Amino acid sequence: MFKVSNLSKSFTLHHQEKTQINVLRGISFKVKKGECVALTGPSGAGKSTLMRMLYGNYLATNGSIKIDSLELVGAEPQQILDIRRHHIGYVSQFLQVLPRVSALRVVAEPLIAAGRTSNDAKARAAEILTQLRIPEALWTLSPLTFSGGEQQRVNIARGFSHHYPAMLLDEPTASLDPENRQTVLDLIYEAKTRDTAIIGIFHDQAARDAVCDSEIEINALQQQAVVS
């Protein structure tokens, strides 16, 4: 489901004499359907940069990213949006939504974008908001008015509302109490049983051990690329 080949990323600091910073180089790996893989490595290794590249937020300097056999590197913006609508979900650390949009609408939006009717999308949104213990009294309010933990649960609900074949998870259990943390782990288990391929960053070691089948150590991959 994920096939990454010889992927590299560098940034140019235009205000510092065009200094080049090489963040990633020679990254190659595969993730199969139904597999959950953790990205690991020290702070600054490039885990978040890699996640943003896998979602098409950052352009690759070199290499290839295929998601469900679709090439992301070099794709036109409309193609990237189409891949996001139908093939890959992303639960980031921070909820980014427009003001005054209700929590119910925020969670329903990925389903509507994928072609579900508004009524069906809202019914599914209500189901997963209930599962993540967001009180119904809050559904018509903007999640930007919620507490940090509530915002994170809305973010998770949005990411898991549509059954994507591939998913990216950036610290999905952060800021959650034990009960909601377990609910998120259950959602990951369920996604795996649907053959969803998942790549995640899990600083929660217990959560990583519970749901991940293997790990991708960023620095080790780069060292292998240099040796080869």
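About the thresholds
- Residues numbered from 1 in each chain as written.
- Predicted model: local features only at pLDDT ≥ 70, side-chain atom pairs only at ≥ 80, totals over all residues.
- Heavy atoms only, no water.
- Helix = DSSP H or I, 4+ residues; strand = E, 2+ residues; numbered from the N terminus.
- Buried < 20%, exposed > 50% of the residue type's maximum accessible area, 1.4 Å probe, protein only.
- Contact = heavy atoms within 4.5 Å.
- Areas by Shrake-Rupley, 256 points an atom, 1.4 Å probe, with all protein chains shown as cover.
- Arc of directions from axis to C-beta.
- Pairing = 2+ DSSP bridges.
- Axes fitted to C-alpha atoms, helices over the stretch in contact; angles between N-to-C directions.

A. Looking closely at the overall build of the protein. Along the protein, the regular secondary structure elements total eight helices and nine strands. Considering only C-alpha atoms, the protein reaches an extent of 55 × 35 × 35 Å along its principal axes. Burial status across the protein gives 50% buried among its 228 residues. Intrachain contacts of the protein at a sequence separation of at least 6 include 69% that bridge at least 24 residues. When the accessible surface of the protein is split by element, carbon and sulfur atoms take 49% of a total near 11300 Å².

B. A look at helix α2 (residues 77-86). Those residues of α2 that fall on the buried side of the exposure criterion are I80, I83 and R84. Down the axis of α2, the buried side of the element spans an arc of 100 degrees, and every buried residue falls inside it. Next to the buried residues of α2 lie β5 (70-71) and β6 (88-91).

C. Representation of the sheet that holds strand β8 (residues 197-201). Here five strands make up an open sheet; going across it, the order is β6-β7-β8-β3-β9 and the pairing parallel. Each edge of the open sheet carries a strand with a single partner, namely β6 and β9 (214-217). In this sheet, neighbouring strand axes are inclined to one another by 20 degrees on average, regardless of whether the strands run parallel or antiparallel. Strands in contact with helix α1 (residues 47-54) are β3 (36-40), β6, β7 (166-170) and β8; relative to β8, the strand with the most contacts, it is inclined by about 145 degrees.

D. Layout of the sheet that holds strand β2 (residues 19-31). Across the sheet, which stays open at both edges, the four strands sit in the order β2-β1-β4-β5 with antiparallel pairing between neighbours. Each edge of the open sheet is held by one strand with a lone partner, namely β2 and β5. With nine bridges joining them, strand β1 (residues 2-13) and β2 adopt antiparallel strand pairing. Its bridge partner being in β2, V4 is matched across the sheet by F29. On top of the sheet, α1 reaches β1, β2 and β4 (62-67); it is set at about 115 degrees to β1, its chief contact.

Read these as geometric descriptors, not functional statements.
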